[in-house]
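Summary of structural features
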Amino acid sequence: MFPPYHPEPYSDFTEPAKRAAYELALAGVAERFGAAYPLVIGGDAVETDATITSVNPARPDEVIGTIASGGTGEAGEALAAAWEAFPRWASLPAVDRARHGVKLAAIMRRNKYELSAIETYEAGKNWLEAEADVAEAIDFVDYYARQAVRLAEPLPVVPWPGEENESHLIPMGAGVAIPPWNFPLAILVGMAIGPVLAGNTLVLKPASNTPIIGARWMEMVAAAGFPAGVINYVPGSGGEIGDFLVDHPKTRFVNFTGSKEIGLRIAERSAKVHEGQKWLKRAFMEMGGKDAMIVDETADLKAAAADAVRSAFGFQGQKCSAASRLILIDSIHDEVLDMVVEGASALEIGPPKDDFAVGPVISATQHQSILGEIAKGTKEAKAVAGGAAVDRDGGWYLQPTVFAEVSPDARLAQHEIFGPVLSVIRAADFDEAIEIANGTEFGLTGGVYSRDRSRIERARRDFHVGNLYVNRKITGALVGVQPFGGFNMSGSNAKAGGPDYLRLFMEMKSVTERWIAP
Ligand code: NAP
């Protein structure tokens, strides 16, 4: 019915035509700096007295836009609008809903560089990182549209004499999606469109650091013909409206991605049944990581060092999948460490719009927090690269930082910093390396660089992470190719971009009809 799904290709920005097109998109986005965006509730643009100002982290006096900021009143109205839209949306054939998705993906694809350019300015992503995020967002829409059609088929059941038995999946109702800022389009879109293409309706509360990209996406949602109220967009402070939306008795499910701290809070609150609530809420919490790469003495050491640098410092280390621990077997420790230090120190730091390898971190708060962690780190290990802020245009820049001789139990090796900081840990042998790798409360991504088959097999079995990568970087999971989500305190293993994702937002109904004589 729809052509088969394929992940969206990335651009080769060494091609002059591609570079010119991206420059044009950046200029177009810059022309709209300072524009005001509304909430979207029941298809209506809603203004509020309070607003959120979104700034360029590379130049914080540059305002990307302002957006209305919802309070509990607007959040309640958005939930009501989502419930109002639910019966009609849920009753459409899955293929009709999927057609809306395929159309939306096409609109996003046509505007790929514009969306990427917004991210370059609003989130501080260089061209490749921004385009990869937008490509992933398109992939989520395209892939989930096809999954929605597949899941609409009745499920196979065992035949039983004298009865007709049928089991099928139905949507659940109106829920809430609360994404983080670090994949401001991909995660926002995936967390919203999955449940929606399964037939649910939604209140979408974006992260306050990056609400403009979502506002632009909402214009595309409307252009694709999604009925009013199916997705309601309510930026607002998580501290102010987050608890309200999570606690609300009319919230059917909560789809959260973000920090462990907030995830645990939501897990606890969503389990409580409030007055007037008729269901147990489904709640999914995808949280942080302290992801490790292991390199042994049989590996291609040069490739391993290059991929460690890429995994640790891509988008300034602000990925849940980023390598924050590098575990090196003793005999090759010094050689690989030298290459990693050299690679990290060679990364050029500068404005994302000029496509530097390393841009700013997202906010003043994050900048301060990371510097604080670096200061603490210097008390327990040796900083061998970076470690300082970089003063440029008032932006929130930091040097890529490498700590060596980090103890596996040190704060540097246990606490998620979520910035450009890599802790290098020495291991006596591969067994100890696996033990160290598994020795945190998290379990999101992990990597092994080795040519030893038995060790690779050992890692496949015993390295306890949701996404394990062998002989490559540990970031950049592709939708449909590497379903993504972790173990332990990394979350509920929802596996975004996997064939079961939409199933999380559906219920199974079984119908039995006894055959009676006419
Ligand atoms: P965060 O501070 O936990 O915020 C995530 C979202 O929760 C934001 O929209 C935030 O709104 C909202 N929020 C804040 N307080 C809330 C409350 N009391 N109730 C409900 N929602 C509330 O995380 P972040 O800094 O945006 O993102 C970074 C974290 O996300 C890292 O830990 C990273 O590892 C994790 N992450 C995990 C995955 C994964 O797939 N496992 C993927 C990406 C990121 P405001 O912005 O308004 O505060």
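Not measured: the values here are computed from a predicted model. Every chain is numbered independently, its residues counted from 1 as its sequence is written. Totals for whole chains, interfaces and linings use all residues, but because this is a predicted model, local features are given only for residues with pLDDT of at least 70 and pairs of side-chain atoms are given and counted only at 80 or more. Just so you know, side-chain values use all the structure's heavy atoms and leave hydrogens and water out.

A few points about the overall build of the chain
The way it works is that DSSP assigns letters per residue, a run of H or I at least four long becomes a helix, a run of E at least two long becomes a strand, and they are numbered from the N terminus. Scanning the chain from terminus to terminus reveals 15 helices and 21 strands. Here the chain has a C-alpha radius of gyration of 23 Å; the compact-globule value for 518 residues is 24 Å, and the two agree. Its C-alpha atoms put the chain at 80 × 60 × 50 Å along the principal axes. In this scheme, a residue with accessible area under 20% of its type's maximum is buried, one over 50% is exposed, and one in between is partly exposed, where area comes from a 1.4 Å probe on protein chains only. For the chain, with 518 residues in total, the buried portion stands at 55%. Across the chain, 49 positive and 66 negative side-chain charges occur, with their mean positions spaced 4 Å apart. Based on C-alpha atoms, the radius of gyration is set beside the globule rule, defined as 2.2 Å times the residue count to the power 0.38. Charge assignment: positive for Lys and Arg, negative for Asp and Glu; neither His nor the chain ends contribute. Working definition for charges: the position is that of NZ of Lys, CZ of Arg, CG of Asp or CD of Glu.

Overview of the packing of helix α4 (residues 112–122) against helix α7 (residues 211–223)
Geometry is summarised by axes, namely lines fitted to C-alpha atoms with helices restricted to the contacting stretch, and by angles between N-to-C directions that run from 0 to 180 degrees. At their nearest, the axes of α4 and α7 sit 9 Å apart, and the two run at 165 degrees to each other. One way to sum up the angle between α4 and α7 is to call them roughly antiparallel. Of the two possible hands of crossing, α4 and α7 adopt the one that is right-handed. Between α4 and α7, the contacting residues are Glu114, Leu115, Ile118, Glu119 and Glu122 on the first element and Pro211, Ile212, Ile213, Arg216 and Met220 on the second. Convention used here: angles under 35 degrees read as roughly parallel, angles over 145 as roughly antiparallel, angles from 65 to 115 as roughly perpendicular, and any remaining angle as oblique. Take the far helix as the reference: if the near one is turned anticlockwise from it by less than a right angle, the crossing is left-handed, and if turned clockwise, right-handed. The contact criterion used throughout is that any non-hydrogen atoms of two residues lie within 4.5 Å.

Examining the sheet that holds strand β12 (residues 291–295)
Should DSSP find at least two bridges between two strands, the strands are taken to pair. Taken in spatial order, the seven strands make up an open sheet running β14-β17-β18-β13-β12-β19-β20, and their pairing is mixed. The open sheet has two edge strands with one neighbour each: β14 (382–385) and β20 (467–470). Between one strand axis and the next, the sheet turns by 25 degrees as a mean value, whatever way the strands run.

Some thoughts on the packing of aromatic side chains
Ring geometry is summarised as follows: Phe, Tyr and Trp rings, the Trp one being its six-membered ring, pair when their centres sit within 6.5 Å, and such pairs are stacked at plane angles under 30 degrees, edge-to-face over 60 and tilted between the two. This model, assessed by the stated rule, comprises 18 aromatic pairs. Ring centres of tryptophan 89 and phenylalanine 226 lie 5.5 Å apart, and the angle between their planes is 45 degrees; this geometry places the pair in the tilted category. With a gap of 137 residues between them, tryptophan 89 in helix α2 (residues 72–91) and phenylalanine 226 in the loop between α7 and β9 (231–233) connect regions that are remote in the sequence. When sorted by exposure, tryptophan 89 lands in the same class as phenylalanine 226, which is buried. Plain terms: the ring middles of tryptophan 181 and phenylalanine 315 are 6.5 Å apart, the flat faces sit at 75 degrees to each other, and that makes the pair edge-to-face. With tryptophan 181 in the loop between β7 (174–178) and α6 (186–197) and phenylalanine 315 in the loop between α10 (301–313) and β13 (323–329), this pair connects stretches of sequence that are 134 residues apart. Both residues of the pair, tryptophan 181 and phenylalanine 315, belong to the buried class. Grouping aromatic residues by their ring pairs yields a cluster made of Tyr5, Phe140, Tyr143, Tyr144, Phe253, Phe284, Tyr501 and Phe505. By definition, being over a ring means that NZ of Lys or CZ of Arg is both within 6 Å of the ring centre and within 35 degrees of the ring normal. Taking NZ or CZ as reference, lysine 125 lies 4.0 Å from the ring centre of phenylalanine 183, over its face. Sitting over the face of the ring of phenylalanine 356, arginine 392 holds its NZ or CZ atom 5.3 Å from the ring centroid.

A short note on helix α3 (residues 94–110)
What a helix should span is 1.5 Å times the count of its residues minus one. With 17 residues, α3 should reach 24 Å at 1.5 Å per residue; the first-to-last C-alpha distance of 25 Å fits that figure. Regarding α3, the residues found buried are Ala94, Arg97, Ala98, His100, Gly101, Leu104, Ala105, Ile107 and Met108. The inward-facing, buried residues of α3 abut α2, α4, α5 (127–151), α6 and α7.

What about the packing of α3 against α5?
As a packed pair, α3 and α5 sit with axes 8 Å apart at the nearest point and diverge in direction by 165 degrees. One way to sum up the angle between α3 and α5 is to call them roughly antiparallel. The crossing of α3 and α5 is left-handed. Contacts from Ala94, Val95, Ala98, Gly101, Val102, Leu104, Ala105, Met108 and Arg109 in α3 reach Ala137, Ile138, Val141, Asp142, Ala145, Arg146, Ala148 and Val149 in α5. Classification convention: Asp, Glu, Lys, Arg as charged; Ala, Val, Leu, Ile, Met, Phe, Trp, Tyr, Cys, Pro as nonpolar; all other residues, Gly among them, as polar. Considering only residue class, the contact of α3 with α5 consists of 13 nonpolar, one polar and three charged.

Things to note about unusual backbone geometry
Phi is positive for glutamate 405, close to 55 degrees, though the residue is something other than glycine. Tracing the chain through its elements places glutamate 405 in the loop between β17 (401–404) and α13 (411–414). Here asparagine 493, not a glycine, exhibits a phi torsion of approximately 60 degrees, which is positive. Inspection of the secondary structure puts asparagine 493 in the loop between β20 and β21 (506–514). Taking the relative accessible area as the measure of exposure, asparagine 493 reaches 30% and is therefore partly exposed.

Quick look at α6
With 12 residues, α6 ought to run about 16 Å at 1.5 Å a step, and its terminal C-alpha atoms sit 16 Å apart, in line with that. The element α6 is largely enclosed, with a buried count of 12 among its 12 residues. Burial in α6 covers these residues: Ala186, Ile187, Leu188, Val189, Gly190, Met191, Ala192, Ile193, Gly194, Pro195, Val196 and Leu197. Of the residues trailing α6, glycine 199 is marked for its positive phi of about 110 degrees.

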